[in-house]
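Listed below, chain by chain, are the residues.
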Amino acid sequence: MGFVSVAFFLCLALAATAFYAVPGRWRTRYLLALSYAFYASWSLPYLLLLVLASLAAFGAGRAIAHAAEERSKKIFLAGGIAALLVLVAGFKGGGEIKGLLFPLGLSYYSFKLIAYLVEVYWDESALQADLAAFCLYPAFFPQIVSGPIQRPQDFFAQWRRAARAPADFAGIEDGFRLILGGLMLKLLIADRLGAFIAVVDVEPERFNWGVNAACICCYTLQLYADFAGYTNIALGVGKLFGITGPPNFNAPFAAANIQDMWRRWHMSLTLWLTDYLFMPLQMALRGLGRAGLVLCITINMVAIGLWHGLTLNFLCFGAFHALCLNVTALTAKPRKFLFGRRAVTRAAAHLSGAVLTFGLMTLSMLFFHTQTLGSAWLHFRLLTFLLPAGVLGWGDIRSDVSDPVIACMALAYYFSIGAPGLRPVGRVAGALAPNWLQYGLALLLISAMTVESAGGFIYGQF
Amino acid sequence: MASSRFLAIRNPLWLLAASLAVFLALDNGIFRSGMYARFANTETLPAQVFNTVHFENLRPATGKREIFLAGASTMHWAFWCKQYNLAHENTGYAFVMGAIAGTNEEMWYYVLRAVDPDRDRYAAIVIPNAGYIVDSWHDDEAENYDDAEMLAPILSLSEWPGVIANFQNPDLRWKAALLAAFPSHGDAADLQDLILHPSLRAARLRQRWAGGAFWLYDWPGTPGSMQDFRAGPGNGGVAVFPSDLNSFERANSIDEFTRPSPRDAAINTARNAQFQAFWLNKIIARYAGSSTILLFAQIPRWPMPLPARGPIAGAPDLRQLLTHDVNTVFLPEDAFVSLEQPKYFHDTIHLNNVGRAIFTNLLGDQVLRVLETQGQEAQGSHAQRKTT
């Protein structure tokens, strides 16, 4: 059952209503059963994998916490992490070879479980004694498809309150708003860009440069709208059950450089890697000076790339960003010297940096979006005039697909830079129309403007 | 987005209920009522269905006994009501065009319900078919979600269960049920076009409102013929296209020259025969006991035998699948075969304006002959009853 289906929202309304009718002591089991049922609607065998991974991590956490010696703790920790990483790598690498479906959400719940083991290792008080509450953490259905990757302490602390508390009306209304906003981003913007990409992608060499350039920009903007849309829905659904998940985006293309962008893009993953990979590595390699920093950044970014899949394309995606980040880190001082002294130059540098950041992200999307290096190279040659472009233009694409592309690109970009000026407009709208009227109109807009969806969420495949 | 405190609802259940109520009220008020369809793009198929019904219901009566032409584009392109009505002003009959491109028997049933609710408006209804012997084809006509989208603007809520039940695929049933529940769900491309090109839409609508249903009566047909058309290797068997065919018509022509697999042909033929018989029998049942004559006609099918529609062994005869009532008449199957020549066709399925002029007279005369004969028989039986 997908997030963008009427059936899902009908079930959700019933499930959320029932949640607050269930006595506090049963809520954990109720929500766990609900999460497992949601997962089972996708795959029953892989539900078993989720349960086994959760039980193994629960056991490993207890072993780490109760081990008397530091060495034993380290062994249990390393064993637990290795088992989870092998599971992810096995399915990402070997699964494709053997034609196995990649288990839904494996990359996300594995990282949650690793975070739990590391936290318990660092601080034994992070141990979760309640098995049902623990199993709910990786299985929590709003977050299982594509995250966000919530930290264990944050989740358990919120859950302790949510499991007993009465319905928080304001929080639930926030959830409504997030869900509606997410649906709009996904169905009204991302899917329209996706339809355009699907047409051009069949034979990009038949289209002219303008269409190809727009298509490549659309990769980035579609990914943003699709993933940010998903995240909003996931956060909104979580709020209906009293859980506030971590944000994944914070105006990524308002960033002045690519280093800053990675602090605002897929934040729950990048912060996870920062805390559990980058920082420990930096501590370990601090003696190497700049070379150590370069190594840390490179390992971190390659890990981000390979987290998406064990393919050459994702390796190149990670390596490309490692290069960009290293250049940014190493030129920080000269840039500050050149541009940082006057307000005008600072503003100009920020603006040009934001444009350059979007360009670099878009260029890296050639690896991210395509399946093979050959295909990425084809797109690159078309973009850089190394290959003569085709003759087909905008007019050769069905008008209902091509007409909204520019408007959707502009909207996606506007939201990706933080939707400046939207809040005052929202305040005026809020003063003019009561909340139920606003939500009713939003529902009508979604219903009337939704095109045939190209499929599920892009990040659902990771 | 902050909400005003005035009239704001805080309880989530009441908030959800009120939001849904607003949504459903607007959804039904704008999209189910036909209000939006008046502003829909004149070129989309749902709008053509709506407009045909809308203008037929607005049209003042001719003062004559009217003959309604049902059908798809093959009929729309083939018969020129204006020409025939002007040339035969004193017959007491007038033809009205109700054929709509892209429609099928199911849609004709619902269109007839919409334009003739009391079953007494027309002296006769001409129902064309592309061959009494149901031909093979690539597609399963019955499993086409577009049908539901096209019908949406004219269907009432009580008519939807029949449309939904007609789909065999559960996914299509679910999609059709959603469209029935949320009528706004079927107009995304059109609404998008309205938002992106409001001035163009306004100009088109002005033209339509000024011209009324001109396309139903005044449209002169299409020149060009299939005489240049050559079959050969490549392009699915097409070597040379007539120069005036657009890419869509060329693609259709290639389809017509591509023979479906025997298995697909057998499955689709059986399904299509069942589908056609089901809906045509519903039309027959609807007019049973009325004074309206239902005339079935095999209209010119093709400029030359088409591999895609070649008959398959054991293909059913539609005449045997339909109920023969006192008011059903089947015109002879060879009535228009003389027009099945390249020089009378614009493409592989539509007559050009030369073929159209001939077909208009042939069909019109045949229909009037049938009506006169039926009228005499009715008078005879009436006189006989009086004598008895």
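No experiment lies behind these values; they were computed from the predicted model shown.

Definitions and limits used
- Residues numbered from 1 in each chain as written.
- Chains lettered and ligands numbered in written order.
- Predicted model: local features only at pLDDT ≥ 70, side-chain atom pairs only at ≥ 80, totals over all residues.
- Heavy atoms only, no water.
- Helix = DSSP H or I, 4+ residues; strand = E, 2+ residues; numbered from the N terminus.
- Buried < 20%, exposed > 50% of the residue type's maximum accessible area, 1.4 Å probe, protein only.
- Contact = heavy atoms within 4.5 Å.
- Areas by Shrake-Rupley, 256 points an atom, 1.4 Å probe, with all protein chains shown as cover.
- Phe/Tyr/Trp six-rings, centres within 6.5 Å; stacked < 30°, edge-to-face > 60°.
- Buried area = accessible area lost by both parts, 1.4 Å probe.
- Salt bridge = Lys/Arg side-chain N within 4 Å of Asp/Glu carboxyl O.
- Polar contact = N/O pair within 3.5 Å; in protein donor to acceptor, adjacent residues only side chain to side chain.
- Pairing = 2+ DSSP bridges.
- Axes fitted to C-alpha atoms, helices over the stretch in contact; angles between N-to-C directions.
- Arc of directions from axis to C-beta.
- pLDDT = per-residue confidence, 0-100.

1. Concerning the overall build of chain B
Here's step 1: When its secondary structure is counted, chain B shows 15 helices and 7 strands.
Here's step 2: Looking at chain B residue by residue over its 388 residues, the buried ones come to 50%.
Here's step 3: Of the contacts made within chain B by residues no fewer than 6 positions apart, 80% connect residues no fewer than 24 positions apart.
Here's step 4: Carbon together with sulfur atoms contributes 58% to the accessible area of chain B, which is approximately 17,600 Å² in total.

2. A few points about unusual backbone geometry
Generally, phi is negative for residues other than glycine and the peptide bonds are trans, each holding for most cases.
Residue and element names in this part refer to chain A.
Here's step 1: Residues Gly147 and Pro148 are joined by a peptide bond in cis, for which omega reads 0°.
Here's step 2: Inspection of the secondary structure assignment puts Pro148 in the loop between helix 7 (141-144) and helix 8 (152-162).
Here's step 3: The phi dihedral of Ala251 is positive, around 45°, even though this residue is not glycine.
Here's step 4: Within the element layout of this structure, Ala251 appears in the loop between helix 10 (209-240) and helix 11 (258-262).
Here's step 5: Looking at Ala251, the relative accessible area reads 17%, which means it is buried.
Here's step 6: Phi at Ala419 is positive, roughly 50°, even though this residue is not glycine.

3. A few points about the packing of aromatic side chains
Residue and element names in this part refer to chain A.
Here's step 1: Applying the stated criterion across every chain, the model contains 63 aromatic pairs over all chains.
Here's step 2: On the basis of an interplanar angle of 90° and a centroid distance of 5.6 Å, the ring pair of Tyr46 and Phe91 is categorised as edge-to-face. One end of the pair, Tyr46, is in helix 3 (residues 44-66); the other, Phe91, is in helix 4 (residues 70-97), with 45 residues separating them in the sequence.
Here's step 3: Classification of Phe91 by relative accessible area gives buried; the value is 15%.

4. A word on the interface of chain B and chain A
Here's step 1: Contacts between the two partners involve 38 residues from chain B and, on the opposite side, 35 residues from chain A.
Here's step 2: Interface area, chain B with chain A, both sides summed: about 3,000 Å², of which 69% is carbon and sulfur.
Here's step 3: For the pair chain B and chain A, the number of links is 1 salt bridge.
Here's step 4: Here A:Glu173 ties to B:Arg10 by a salt bridge, and the two come within 2.8 Å at their closest N and O atoms.
Here's step 5: Remark: the boundary between chain B and chain A carries 8 residue pairs in polar contact (both at pLDDT 80 or more).
Here's step 6: Elements supplying a minimum of two residues to the side of chain B that touches chain A: helix 1 (12-32), helix 8 (170-181) and helix 9 (188-196) of chain B.
Here's step 7: The leading source of residues in the side of chain B that touches chain A is helix 1 of chain B, at 13 residues.

5. Here we look at the environment of A:Trp42
Residues and elements named next belong to chain A.
Here's step 1: Counting through the fold element by element, Trp42 comes out in the loop between helix 2 (24-40) and helix 3.
Here's step 2: Relative accessible area serves as the criterion here: at 33%, Trp42 is assigned to the partly exposed category.
Here's step 3: Sequence spacing of Trp42 and Gly2 is 40 residues, and the spatial spacing of their C-alpha atoms is 8.9 Å.
Here's step 4: Those residues in contact with Trp42 that lie beyond four places of it in its chain are Leu101, Phe102, Pro103 and Leu104.

6. Overview of the side chain of A:Ser268
Residues and elements named next belong to chain A.
Here's step 1: By the secondary structure assignment, Ser268 is in helix 12 (residues 267-284).
Here's step 2: Within the structure, Ser268 has its side chain in polar contact with the backbone nitrogen of Ile149 (distance 3.1 Å).
Here's step 3: When residues no more than four places from it in sequence are discounted, the contact partners of Ser268 are Pro148, Ile149, Pro246, Pro247 and Asn248.

7. Some words on the sheet that holds strand 2 (residues 93-97) of chain B
Residue and element names in this part refer to chain B.
Here's step 1: Here 5 strands make up an open sheet; going across it, the order is 2-1-3-6-7 and the pairing parallel. Every other strand in the sheet has two partners, leaving strand 2 and strand 7 (328-330) as the edge strands with one partner each. Strand after strand, the sheet turns through a mean of 25° between neighbouring axes, direction not considered.
Here's step 2: Where strand 6 (residues 293-298) and strand 7 come together, 3 bridges link them in parallel fashion. Across the sheet, Phe296 pairs through a bridge with Phe330, a residue of strand 7.
Here's step 3: Each of strand 3 (124-129), strand 6 and strand 7 is contacted by helix 13 (residues 262-287), which is oriented at about 155° to strand 6, the strand it contacts most.

8. Some points on helix 8 of chain A
All names here are of chain A.
Here's step 1: Along helix 8, the positions that sit buried rather than exposed are Pro152, Phe155, Phe156, Gln158, Trp159 and Ala162. Angular distribution of buried residues about the axis of helix 8 spans 165°; they occupy a single face of the element. Looking at helix 8, the residues exposed on the side facing more than 90 degrees away from the buried face are Arg160 and Arg161.
Here's step 2: Here the buried face of helix 8 lies against helix 1 (6-21), helix 2, helix 5 (106-122) and helix 6 (131-139).

9. Here we look at the pairing of strand 2 of chain B
Residue and element names in this part refer to chain B.
Here's step 1: Most of strand 2 is tucked away: 5 of the 5 residues are buried.
Here's step 2: Every second residue of strand 2 is oriented toward a common face, with Tyr93, Phe95 and Met97 on one face and Ala94 and Val96 on the other, all of them buried.
Here's step 3: Taken together, the 5 bridges between strand 1 (residues 65-69) and strand 2 define a ladder with parallel strand orientation. Its bridge partner lying in strand 2, Arg65 is registered against Tyr93.

10. Focus: the confidence of the model for chain B
Here's step 1: A residue-level look at chain B finds 82% of positions with pLDDT of 70 or above and a mean pLDDT of 85.
Here's step 2: Interface scoring of the predicted complex returns ipTM 0.91; its pTM is 0.85.

11. With respect to the confidence of the model for chain A
Here's step 1: The pLDDT averaged across chain A works out to 94; a share of 98% of its residues lies at or above 70.
Here's step 2: When the elements of chain A are averaged for pLDDT, helix 20 (residues 422-432) of chain A gives the smallest value, 87, and helix 6 of chain A the largest, 98.

12. With respect to the pattern of salt bridges
Oppositely charged side chains can pair when the atoms bearing their charge come close.
Here's step 1: As enumerated under the stated definition, the model contains 21 salt bridges over all chains in all.
Here's step 2: The partner of A:Asp174 in a salt bridge is A:Arg177, and the shortest N-O contact between them spans 2.7 Å. Residue A:Asp174 and its partner A:Arg177 are located together in helix 9 (residues 169-202), separated by 3 residues, close to a single helical turn.
Here's step 3: In this structure A:Asp174 comes out as partly exposed when scored by relative accessible area, which is 28%.
Here's step 4: Judged by its relative accessible area of 26%, A:Arg177 is partly exposed.
Here's step 5: For B:Glu143, the salt bridge identified is with B:Arg271, shortest N-O distance 3.3 Å. Within this pair, whereas B:Glu143 is found in the loop between strand 3 and helix 6 (145-151), its partner B:Arg271 is found in helix 13, the two being separated by 128 residues in sequence.
Here's step 6: A relative accessible area of 21% means that B:Glu143 is categorised as partly exposed.
Here's step 7: What makes B:Arg271 buried here is its relative accessible area of 12%.
Here's step 8: Salt bridges sharing partners connect three or more residues here, namely A:Glu173, A:Asp174, A:Arg177 and B:Arg10.

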